Structure formats: C-alpha cells, structure tokens
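Structure assessment
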Amino acid sequence: AGYGHTRMKLVVGFGNTMRNDDGVGWQVANHLALLYPASDVEVMTVHQLLPEIAAYAAEADQVIFVDASIDGEPGTVRVCEVVPLDQLEDAHALTPAGILNLCRTLYDAHPVTYLVTITGASFDLGETLSDEVQAAIPGAVAAIQQLLEDG
C-alpha cells in the first residue's frame, strides 16, 4: 500500500497436467484468465511451486493458489486461508505456505493468501479430467471470483 495504485491480485494454478485431475489447477486458472483480461488480477500456471513465485506473490495484496487434492470426495471444492510456515521448506517441494514464508523472509510482504482445491478422482498418467472434477470447475471459479471481489 501507499504506492497510489491498486495492488494486483495473483492467481496461481499449479499441478501436473500429465496426470489427469492433477491438471485441474491449470484449467481453473485458464478460465479465470479469460474472465480478467487486462485487469489487476494476474493469472499464472506452473507445474510446481518454485521459489521465484514468491517474488510475484510479494507484489500482490492477495494470492490464490489453485490445486488438485487427494483428500475427500472427488469434485469437492475447498477454500482455506494459508498461513506462512515458520521455517523454510525444501525448495523442490514448496507449498503455498512455503511461498508465503519466502514472501515474508525475502520481501517483508504479507499478502492475504488462499488455497482453493478440487478433490481429484484420477491421478494416473493422462490428460483428461474426470467427470466429477470437470463438473466442479465452475464452482471453483465462482469461489475464486468471490474471494477476488471480497479481497
């Protein structure tokens, strides 16, 4: 704050697009990119969370990570707030909480951060989303739009 312009909001869809439902974060992010062209909402897709993402997240007021989950009933959409980890994670297996730790440690940045997950049915090799996950995409997109509007 204090820069005299709206800070951006960042949506990060991540997952392995070669493992069926694990690619749902990409699908949701791609939908959002179409809904927010040329706005203060920046959308990116990555295969895994790398330390470089902390530099983008540090510039944002709000960060929303989107990923597949293995927990629960396939097609379930969950939203939870993410708090920074206390210690540094292995940089090859960063989680949203680990990215926040880097934001805080490297940039003294504290964006409000959420993780939105869609529970997958199949994580086998392939590039097809299961019916349950495909059907959950609109709900996940709507939940994120709500977060973006409230935040």
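Below is a short write-up of the structure. (Residues numbered from 1 in each chain as written. Predicted model: local features only at pLDDT ≥ 70, side-chain atom pairs only at ≥ 80, totals over all residues. Heavy atoms only, no water.)

As a further point, take the packing of aromatic side chains. For the structure shown, the criterion picks out one aromatic pair. Note on phenylalanine 14 and phenylalanine 65: the rings are 6.3 Å apart at their centroids and 85° apart in plane angle, and the pair reads as edge-to-face. Note that phenylalanine 14 is positioned in strand β1 (residues 8-14) and phenylalanine 65 in strand β3 (residues 60-69), a separation of 51 residues in sequence. Neither phenylalanine 14 nor phenylalanine 65 differs from the other in exposure class; each is buried. (Phe/Tyr/Trp six-rings, centres within 6.5 Å; stacked < 30°, edge-to-face > 60°. Helix = DSSP H or I, 4+ residues; strand = E, 2+ residues; numbered from the N terminus. Buried < 20%, exposed > 50% of the residue type's maximum accessible area, 1.4 Å probe, protein only.)

Over its twelve residues, helix α3 (residues 96-107) runs 16 Å from end to end, which matches the ideal 16 Å to within 8%, given 1.5 Å per residue. Regarding α3, the residues found buried are Pro96, Ala97, Gly98, Ile99, Leu100, Asn101, Leu102 and Cys103. Where α3 is buried, its residues meet β1, α2 (53-57), β3 and β5 (112-119). Where α3 ends, the next residue or the one after it, aspartate 108, has phi of about 50°, a positive value. (Expected span 1.5 Å × (residues − 1). Contact = heavy atoms within 4.5 Å.)

So, about the state of the cysteines. All chains considered together, the criterion is met by zero disulfides. With no disulfide partner, cysteine 103 has as its closest neighbouring cysteine sulfur the one in cysteine 80, 16 Å distant. (Disulfide = S-S within 2.5 Å.)

Moving on: the side chain of aspartate 67. With respect to the helices, strands and loops of the structure, aspartate 67 is situated in strand β3. Buried charge without a salt bridge: aspartate 67, with arginine 78 as the nearest opposite-charge side chain at an N-O distance of 11 Å. Excluding residues within four positions of it along the chain, aspartate 67 makes contact with Phe14, Gly15, Asp22, Val24, Gly25, Leu115, Val116, Thr117 and Ile118. (Lys, Arg positive; Asp, Glu negative; His and termini not counted. Salt bridge = Lys/Arg side-chain N within 4 Å of Asp/Glu carboxyl O.)

Let us now look at the sheet that holds β5. The mixed open sheet is built from five strands, whose spatial order is β2-β1-β3-β5-β4. Taken across any chain shown, the strands that pair with only one partner, and hence form the sheet edges, are β2 (41-46) and β4 (77-81). Between one strand and the next, the sheet's axes are offset by a mean angle of 20°, whatever the strand orientation. Across eight bridges, the pairing between β3 and β5 is parallel. Bridged to alanine 68 within β5 is isoleucine 118. Helix α4 (residues 131-150) rests against β1, β2, β3, β4 and β5 of the sheet, and its axis sits at about 165° to β5. (Pairing = 2+ DSSP bridges. Axes fitted to C-alpha atoms, helices over the stretch in contact; angles between N-to-C directions.)

All right, on to the side chain of lysine 9 then. Take lysine 9: it is sitting in strand β1. Buried and unpaired, lysine 9 has aspartate 40 as its nearest opposite-charge partner, separated by 5.6 Å. Within polar-contact distance, the side chain of lysine 9 engages the backbone oxygen of leucine 148 at 2.5 Å. Residue contacts for lysine 9: discarding those within four places in its chain leaves Asp40, Val41, Glu42, Ala60, Gln62, Leu148 and Gly151. (Polar contact = N/O pair within 3.5 Å; in protein donor to acceptor, adjacent residues only side chain to side chain.)

Formed by 23 residues in total, the largest nonpolar core has its most connected members in Leu10, Val12, Val46, Leu49, Ile53, Phe65 and Ile99. Only β1, β2, α2, β3 and α3 provide two or more residues apiece to this core. Here this core gets five residues from one element, more than from any other, and that element is α3. If we skip the residues at most four places from it in the chain, isoleucine 99 touches Leu49, Leu50, Ile53, Ala54, Ala57, Phe65 and Leu94. Of all hydrophobic cores here, the second largest spans 21 residues; its members include Val24, Tyr36, Val116 and Ala136. (Core = buried A, V, L, I, M, F, W, Y, C linked by side-chain atoms within 4.5 Å.)

This part takes up helix α1 (residues 24-35). Between its first and last C-alpha, α1 extends 17 Å over twelve residues, near the 16 Å set by a 1.5 Å rise per residue. Residues of α1 that are buried include every one of Val24, Gly25, Trp26, Val28, Ala29 and Leu32, and no others.

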